[in-house]
Each structure stands twice: as C-alpha cells, then as structure tokens.
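Close look at the chain arrangement
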Amino acid sequence: MPYSNTQVKLASRPTGLPTPENFTIETTEVPALQAGQVLVKNALLSLDPAMRGWMNAGRSYIPPVGIGEVMRALGAGQVVESQHPAFAVGDYVTGGLQVQQYALREGATAVNPAHPGFLQKVDTRHAPLETYLSTLGMTGMTAYFGLLNTGQPKAGETVVVSGAAGAVGSVVGQLAKLKGCRVVGLAGEQEKCDYCVQELGFDACLNYKTEDVRQALRAACPEGIDVYFDNVGGDILDLVLEQIRLRARIVICGAISQYNNTTPVKGPANYLSLLVNRARMEGIVVFDNAAHYGEAAREMAGWLREGKLKAPKVQVEHGVENFLPALLKLFSGQNFGKLLLAP
C-alpha cells in the first residue's frame, strides 16, 4: 500500500538561531520496497542540541546535513513493511530515522548509530520506547561514557554537572551518585533544581539565573571540584575552572550557550587553572564508543530495573511540521528532561 511521507529538509544553513526559512516541509509518496529494505513508521524522534551543529558546514565529528537533505535525527518506530530477513512487520526499532513520518532503510548496515543505515531492534517489554532514546539511547550512552570513561569519578569526589535536569545531565548526576560522589547540579529554573535534588538524589542544585554562581559553587563545593561535566560552556565553564582541585577532570560534552552565536565562540578565559592544578579537559563524542554500547546498555538497564537509576522526564511535542519550534525549546530552556517529537 502507498504511504504518504512528510519530511523536513534543510534548505539553507542558519546564522544564529534557525528560522523557518532554513527548512522546507515536503510530502512525497514512499517508493515500493526493494530486497533488503525496511519501512519504519516513526513514532518518536530525538531532539538534541547537537542537531544545531549538524546544520553547519565545515569539519566536525560527523558530516553536516546536506542542503536539500532530510534533517538528521535519531528516532524510534515500528516496522510496517519489510524485505529484510532480520526485520519483521511489527518489530520496534531505533536508528537514524530522520525528521519524517516514515523511514525507508536498508536494514542494519552500519555500527555507528549516526549513520543513516543504522537500524536496531529493541524490546518494548523491557523498557518503554522513549527510554531507548534516553537512558538506553544516545543521551544515556553519552552520560555513561563521558562521566565514567572520561571523567573517571572516584568515591568521595565532588562532581558538578551543568544542564543538570536535561537528558544527559540528569543521568550524569545519578551515575556519579552511584559511584559514591557528592553531586552538584546547575540548572536554570527552580523547578528543575528541585527535581534534581528531590527526585534524582543530587546533593545540591544551583539556579544559575537567580544565584551568584561563583559564591553558590563555593558554598556547595567547599573542598573544590574534582569532575565537571560541561553541557553549556560559556561563563559557567570559567566559573567552574576557578574552583577545580588538583588533577581535576573537565568533560566537554556540549556548549549549548554558544551554539547559536553570531560572534566567535567564547572560550575559557581561566584555562591556566588547568596548568596550576595539573587538570585535564577532554571532549566526549559518544560515537567513539559504539563498539561498547551493548555492555553499557546492559549495565544501565540493570540499574533501571533495580531502581538505582531513574529515566529522565520526557517531554513530547507533536507533528513533524512542528520540528523547528520544538527544537528551539532546547535553546530557550522551555524543555524539561528528554525532548522528543512524535511526527
């Protein structure tokens, strides 16, 4: 049977915040499947700050979305037609499904989940579909590998995480608590701070919009900061660098405060603190750890079952045509937890 598919395509590269002029919304008919192909009806698409970087030209850890191409997105959905022996109609899958209602894929043709050919079966009897796009998906894997492999927290240390109520930050804080650390979050709303402390078990969470961050960090981290998991960059990174301890580790996961700049990205002015404290600053790109996703997901799933880890809050927006206004919520702080789009 024919399927009508609405897609969001990148029409031009944004300067600053993306605008509707940077995208086109087109509806086409899905072609008949060929041998080896799978047709997925997208149920949920992951909206992530990284999408803003994928719109830019230039060298990065992944090629940019091409002009005229369907906007890149990780997603989850259900197989509605299959000409591939590994996938049956009714299977739930995750993969690079893109911002559209239906995704035509060649099957499991790549290891890297960012690759458009990646497709992986998931079992919704073990976890809700949205969990495979959060704790058991790329945001959860980012938190796991970024904190545990790059940050290397040790029991008794102080871990600070920015964007603490977000999809990555909320998992980072919980993992740090599991490792016996004191955890301090940074968020932009009191409701988010309360959530981190009261529901996720953080020791403290600072509202960077209403508090003097320098003074609040000193009060919350009297012995200094051992690990900083940075999701925002900018001024907060500088304030943290003032207070790091000897051999501290700074994990650069993102810099959401800088993604839509029309001027050069603001780098750390206090970088000499790295020298004085013999500290290390290192970036995390989750795709580098693709070979170990399985073992990480099994460990995270075990913690979820045991109640040692809570999946983040989920906020679902609706309609593929609402992709842009939904995405922009990430940059205005209007999202709470993991932001998803039901196309």
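Above this text sits the structure in question.
Residues numbered from 1 in each chain as written. Predicted model: local features only at pLDDT ≥ 70, side-chain atom pairs only at ≥ 80, totals over all residues. Heavy atoms only, no water.

Some points on the sheet that holds strand β10 (residues 204-207)
A sheet is described by the order of its strands in space; here six strands give the open sequence β10-β9-β8-β11-β12-β13, paired in parallel fashion. Single-partner strands in this sheet number two, and they are β10 and β13 (280-283). The average undirected angle you get between the axes of adjacent strands in this sheet is 15 degrees. In this structure, strand β9 (residues 182-187) lies alongside β10, joined through four bridges in parallel fashion. Counted as the bridge partner of A187 is N207 from β10. Across the face of the sheet, helix α2 (residues 138-151) comes into contact with β8 (158-162), β11 (225-230), β12 (244-252) and β13 while running at roughly 150 degrees to β11. (Pairing = 2+ DSSP bridges. Helix = DSSP H or I, 4+ residues; strand = E, 2+ residues; numbered from the N terminus. Axes fitted to C-alpha atoms, helices over the stretch in contact; angles between N-to-C directions. Contact = heavy atoms within 4.5 Å.)

A word on the pattern of salt bridges
By the definition in use, this model includes 12 salt bridges. Between K177 and D203 there is a salt bridge, and its shortest N-O distance comes to 3.0 Å. Of this pair, K177 sits in helix α3 (residues 169-178) while D203 is found in the loop between α4 (190-198) and β10, placing the two residues 26 residues apart along the sequence. Under the relative-accessibility criterion, K177 is labelled partly exposed at 31%. For D203, a relative accessible area of 33% translates into the label partly exposed. We note a salt bridge from K266 to D238, for which the minimum N-O separation is 3.0 Å. Taken together, the positions of K266 in the loop between β12 and α7 (272-276) and D238 in helix α6 (residues 234-241) put the pair 28 residues apart, joining distant regions of the chain. For K266, a relative accessible area of 36% puts it in the partly exposed group. In this structure D238 comes out as buried when scored by relative accessible area, which is 9%. Salt bridges sharing common partners tie together D235, D238 and K266. (Salt bridge = Lys/Arg side-chain N within 4 Å of Asp/Glu carboxyl O. Buried < 20%, exposed > 50% of the residue type's maximum accessible area, 1.4 Å probe, protein only.)

Looking at unusual backbone geometry
Look at Q152: it is not a glycine, yet its phi comes out positive at around 50 degrees. By relative accessible area, Q152 is classed as partly exposed at 38%. A positive phi angle, near 50 degrees, is found at R278, a position not held by glycine. We classify R278 as partly exposed; its relative accessible area is 47%.

As for the pairing of strand β4 (residues 75-82)
Across seven bridges, strand β3 (residues 38-46) lies against β4 in antiparallel orientation. Among the inter-strand pairings, K41 is bridged to a residue of β4, identified as Q78. Sheet topology places β4 next to strand β5 (residues 92-95); four bridges connect them, and they run antiparallel. Opposite Q78, over in β5, you have Y92 as the bridge partner.

Some remarks on helix α8 (residues 293-306)
One full turn of an α-helix is made of 3.6 residues, so residues set three or four places apart face in the same direction. Taking 1.5 Å of rise per residue, the 14 residues of α8 would be expected to cover 20 Å, and the 20 Å separating its terminal C-alpha atoms lies within 8% of that figure. Listing the buried residues of α8 in full gives Y293, A296, M300, A301, G302 and W303. Where α8 is buried, its residues contact α2 and α3. The positive-phi residue at the C-terminal boundary of α8 is G307, with phi of around 80 degrees. (Expected span 1.5 Å × (residues − 1).)

What to know about α3
Extensive coverage of α3 is indicated by the burial of eight of its 10 residues. Within α3 the residues assigned to the buried category are G169, S170, V171, V172, G173, Q174, L175 and A176. Next to the buried residues of α3 lie α2, β8, β9, β11 and α8. Phi turns positive, to about 85 degrees, at G180, one or two residues after α3.

Focus on the environment of E69
Assignment of secondary structure puts E69 in the loop between α1 (50-54) and β4. It is 27 Å that separates the C-alpha atoms of E69 and V89, two residues lying 20 residues apart in sequence. Leaving out residues up to four positions away in the same chain, E69 has contacts with V8, K9 and L10. Within the local environment of E69, its side chain forms a polar contact with the backbone nitrogen of G66, the two atoms lying 2.9 Å apart. (Polar contact = N/O pair within 3.5 Å; in protein donor to acceptor, adjacent residues only side chain to side chain.)

What about the packing of α2 against α8?
Following both chains from N to C, one finds α2 and α8 inclined at 95 degrees, their axes separated by 10 Å at the closest point. Overall, the two elements α2 and α8 adopt an arrangement that is roughly perpendicular. Across the interface between the two elements, M138, G140, M141, Y144 and F145 from α2 touch Y293, A296, A297, E299, M300 and W303 from α8. Residues that form the contact of α2 with α8 fall into these classes: nine nonpolar, one polar and one charged. (Parallel < 35°, antiparallel > 145°, perpendicular 65-115°, else oblique. Nonpolar A, V, L, I, M, F, W, Y, C, P; charged D, E, K, R; others polar.)

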